[in-house]
Amino acid sequence: MKIKALKWFSAVPVAAVLAVSLAACGGGAGSTGSASPTDALQGSDQKTLDKYTTKDVTPVDKIDKSKLGLITDGTLRVGTLSDAPPNIFIDPSGKFTGYDNELLRAVGAKLGLKVEFASTDFSALLSQVKNKQFDVGSSSISTTDKRRETVGFTNGYDFGYMAVVTKTDSKVKGFADLKSDVRIGVVQGTVQDDYVTNTLKLEPVRFPDYNTVYANVKSGQVDAWVAPSQQATGQVKDGDNTKIAEKVVNTQNFTAWAVNKDNQPLIDALNSGLDAVIADGTWTKLTAEWYKDRPTTAEQTPQGWKPGSKAVQIPAK
């Protein structure tokens, strides 16, 4: 597997939920219906990081929980996914877990808030947060200018990866081989969908979820899956006759939790909780636990990227 760390195209952020203008296609076997161009990757660069990352945060003990505008007082109601390990998934016991969700649980604990998760469709999450069906969206969401028209975001807690998944003997060796004669699978409504459609100017085959698109790679119905790298790692298993052909790292964007953009007190509170779990080492511990390829601080903070506000420091190991 080839791994690159570079700044490429206008952006290559990790996937999550695209703006609601990419409506879901029907059918479970994949669709080739066109998505409208959205420029969803616009606003993915160093200026974005500087513009939207807060200078500092309010200490968690100064947060007024009565002003958080929660659906239920004392509880964060969170919309998330069920099929995207290691970030967001349901374990065999029925517990919502994964890196993003466990980190959010730790943030909630700092704020003295109970955290309740509910599964939702990938393409619906941002609109549900906008309409206050959930207090928070947790789904490795890339923060782009287009999405900020729909929801607000916390400071970043992760950076971007994207991968090409193929069968072991595929002629597709990486991103450079994604051409018009390659059947490219994506999950409907993701940044990868937008990237293939609007950056590569190709027509992908769209699927409703990660399990389905990966099953179609294994069966040979599609030649390649353009995937969020973390989810690719969670799907590809020994004996599947598949591989991650290439993955790239992009630190010119960050992933964050989505909040109704009019609820600044909740955004501020989550930022405070995030800084607190970074400062006490929880972020470092969970990152190493869930991302086995990021055991060290250098691997967790490539190209100078760091989570949280500009003021918080990651503790030295």
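For the structure itself, look to the data block above.
Residues numbered from 1 in each chain as written. Predicted model: local features only at pLDDT ≥ 70, side-chain atom pairs only at ≥ 80, totals over all residues. Heavy atoms only, no water.

Could you give me a rundown of the overall build of the protein, with the residues and numbers involved?
Helix and strand counts for the protein come out as 10 helices and 13 strands. Counting only residues that meet the buried cut, the protein has 57% of its 317 residues in that class. Accessible area of the protein: about 12,700 Å², with a carbon and sulfur share of 50%. (Helix = DSSP H or I, 4+ residues; strand = E, 2+ residues; numbered from the N terminus. Buried < 20%, exposed > 50% of the residue type's maximum accessible area, 1.4 Å probe, protein only. Areas by Shrake-Rupley, 256 points an atom, 1.4 Å probe, with all protein chains shown as cover.)

Quick one: what's the story with the packing of aromatic side chains, residue by residue and with numbers?
According to the stated counting rule, one finds 10 aromatic pairs in the structure shown. Geometrically, the ring pair formed by tyrosine 99 and tyrosine 157 is tilted, given 6.4 Å between the ring centres and 50° between the ring planes. With a gap of 58 residues between them, tyrosine 99 in helix α2 (residues 99-111) and tyrosine 157 in the loop between β8 (152-153) and β9 (158-167) connect regions that are remote in the sequence. A single burial state applies to tyrosine 99 and to tyrosine 157, both of which are buried. Consider the rings of tyrosine 210 and tryptophan 225, whose centres lie 6.1 Å apart with planes at 45°: the pair is tilted. Highlighted residues: tyrosine 210 in helix α6 (residues 210-219) and tryptophan 225 in strand β12 (residues 224-227), separated in sequence by 15 residues. Judged by its relative accessible area of 2%, tyrosine 210 falls in the buried class. Taken together, Tyr99, Tyr157, Trp257 and Tyr291 form an aromatic cluster joined through their ring pairs. The residue whose ring lies beneath arginine 148 is tyrosine 52, and the NZ or CZ to ring-centre distance is 3.6 Å. (Phe/Tyr/Trp six-rings, centres within 6.5 Å; stacked < 30°, edge-to-face > 60°. Lys NZ or Arg CZ within 6 Å of the ring centre and 35° of its normal.)

So what about the side chain of threonine 197? Which residues, and what values?
Tracing the backbone through its elements, the reader meets threonine 197 in helix α5 (residues 191-199). Among the polar contacts made by the side chain of threonine 197, one reaches the main-chain carbonyl oxygen of aspartate 193 at a distance of 2.8 Å. (Polar contact = N/O pair within 3.5 Å; in protein donor to acceptor, adjacent residues only side chain to side chain.)

Could you give an account of the pairing of strand β10 (residues 184-187), with specific residues and numbers?
Because side chains alternate across β10, one face comprises the buried residues Ile184 and Val186, and the other comprises Gly185 and Val187, equally buried. Relative to β12, β10 runs parallel, the two being bridged by 2 bridges. Pairing of glycine 185 across the sheet is with tryptophan 225, part of β12. Direction of pairing for β10 relative to strand β11 (residues 205-207): parallel, over a ladder of 3 bridges. What sits directly across from valine 186, in β11, is arginine 206. For the segment spanning β10, α5 and β11, crossover handedness is right-handed. (Pairing = 2+ DSSP bridges. Right-handed = clockwise from strand over helix to strand, strands pointing away.)

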